[in-house]
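# Examining the three-dimensional arrangement
Letter by letter, the chains look like this.
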Amino acid sequence: MDLLKDTGQTETRPYEFTQCDKAFITKTQLIHQQTLTGEKPYECSECYKAFNHKGELSLHQRSHTDEKPYKCFDCNKAFKCKSKLSVHQRYHTGEKPYKCSECDKAFFTKGNLMIHHLSHTGETPYKCSECDMAFKQKAHLLRHHKNHTGEKLYKCTECDKAFKQHFKLVQHHRIHTGEKPYKCSDCNKAFKCKSKLLVHQRYHTGEKPYKCSECDKAFFTKGILMIHHLSHTGETPYKCSECDKAFKQKAHLLLHHKNHTGEKPYKCTECDKAFKQNFNLVQHHRIHTGEKPHRCSECSYAFITKSELTRHQRTHTGEKPYKCSECSKAFKQWNGLSEHQRYHTGEKPYKCSECDKGFVTKRNLIIHQRTHTGEKPYSCSECDKGFIRKTQLMSHQQTHTGEKPYICFECSKAFITKKQLKIHLQTYTGEKPFKCSACHKAFKQKSELTLHGQIHTGKNHIGVLNAVMLSLQKAS
């Protein structure tokens, strides 16, 4: 069927189509005919994708060759097509030629203006054929549709990861290359993607554009606001398929899931250590490089991680934000409170495999296990005597130096250790905090109670009494 008729050379648009009302000036624009017939004569030899005209094919082929012939003179960024360069240059000039007729907002591209306009109309013209979801942009629909198909076309050549979107692959590839093209003008910190830079810059400006409708809190990102909102609803939408645990954030679920799989994909190139999260690897790597980027503004101390700096700063401020609900004791660190609460509950989760004795902290278990192994890792440089605990070594070293830093405020008597001073002070207060559960007799020291307890068990009566008398003489 002849779709084209010649309307004569005298007309402004001599080439007119019979199937629609469109007309064209030149015969080369007959490409419009292919939109009616569905014909795509230009095929890519790499992936067999077909196009209406040769220009589209040439542009597409650059995705295989990665050729970017159009360069920006301001920042050397390169582009596959001239139109992308033209749009990019507006970011340097600040030109926003497309203005919204409803509000004062202006945009770099016509496409962005059209998308913005839908925020006024509320229209979502792109409907998913698989579910009820609808989108303002076609690109968002196409991306969503891959959730149904599971299609991940963009594969990393360095590892086995695949992505639904090309820009995600580009960002991922920077993990392998270490490239961070987006730099902060305030602190020179660099980022792999522009969105991370924009969020980071808010920490300098203090801008928190995302406000909670339930309370007065505001946040730097929409994601943090959504997570915060769950604190009002109590919702934990991310459920673990292996156990009963549920999480507010998907990232926390993914991290938790690695406890079941044992997966540690982030490996250190310097040693054999592997990690579940990339940021743990980054922090660990600083042990090898000696880098300590987090410096205290009060003193000269520097730290590998920001959390270490935050904890250290509390030594200057005296802040103890973690309070016990049972006894009002406060702690600088959350794990300090967590360990302390076990003294109230009686929980001793760390068991010795040799004698089944339980301990409140893992640290105490490790120290106890040395009584079985005989290990004494702390040696005195003066006499080579070994000790199970570092505190024991420090106390012992004072026998060489003669230092007695702990002074009694009642009688000015000096002691090598704080524990010795505390025992001595009980001679003034009369305090006996250690009580026998069998006969309710009370003692100043735990060691005295332990020795006394052997009387009830029938062990070494005379030796026990002599030891008790000797310890009482020393304390006075």
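Residues numbered from 1 in each chain as written. Predicted model: local features only at pLDDT ≥ 70, side-chain atom pairs only at ≥ 80, totals over all residues. Heavy atoms only, no water.

## Observations regarding the overall build of the protein chain
Scanning the protein chain from terminus to terminus reveals 17 helices and 33 strands. Burial statistics for the protein chain: of 476 residues in total, 24% are counted as buried. In the protein chain, 3% of the contacts between residues at least 6 apart in sequence involve partners at least 24 apart. Accessible area for the protein chain stands at about 34300 Å²; split by element, carbon and sulfur atoms hold 50% of it. (Helix = DSSP H or I, 4+ residues; strand = E, 2+ residues; numbered from the N terminus. Buried < 20%, exposed > 50% of the residue type's maximum accessible area, 1.4 Å probe, protein only. Contact = heavy atoms within 4.5 Å. Areas by Shrake-Rupley, 256 points an atom, 1.4 Å probe, with all protein chains shown as cover.)

## Section: the confidence of the model for the protein chain
Per-residue pLDDT for the protein chain has a mean of 82; in total, 88% of the residues score no lower than 70. Under a pLDDT of 50 for its full length, residues 1–10 has, in the predicted model, 23 contacts with residues more than four places off or in other chains. (pLDDT = per-residue confidence, 0-100.)

## What about the packing of aromatic side chains?
How two aromatic rings sit relative to each other is given by the distance of their centres and the angle of their planes. By the definition in use, this model includes three aromatic pairs. Ring centres of Tyr91 and Phe108 lie 4.0 Å apart, and the angle between their planes is 35 degrees; this geometry places the pair in the tilted category. Residue Tyr91 is located in helix α3 (residues 82–93), and its partner Phe108 is located in the loop between β9 (106–107) and α4 (110–121); the two are separated by 17 residues in the primary sequence. The exposure class of Tyr91 is partly exposed, given its relative accessible area of 42%. (Phe/Tyr/Trp six-rings, centres within 6.5 Å; stacked < 30°, edge-to-face > 60°.)

## Focus on unusual backbone geometry
Of note, Asn188 is a non-glycine position whose phi angle comes to about 65 degrees, a positive value. Within the fold, Asn188 resides in the loop between β14 (182–183) and β15 (190–191). By relative accessible area, Asn188 is classed as exposed at 59%. A positive phi angle, near 65 degrees, is found at Asp356, a position not held by glycine. If you trace the backbone, Asp356 turns up in the loop between β26 (350–351) and β27 (358–359). A residue is classified by how much of its surface remains accessible, and Asp356, at 59% relative accessible area, is exposed.

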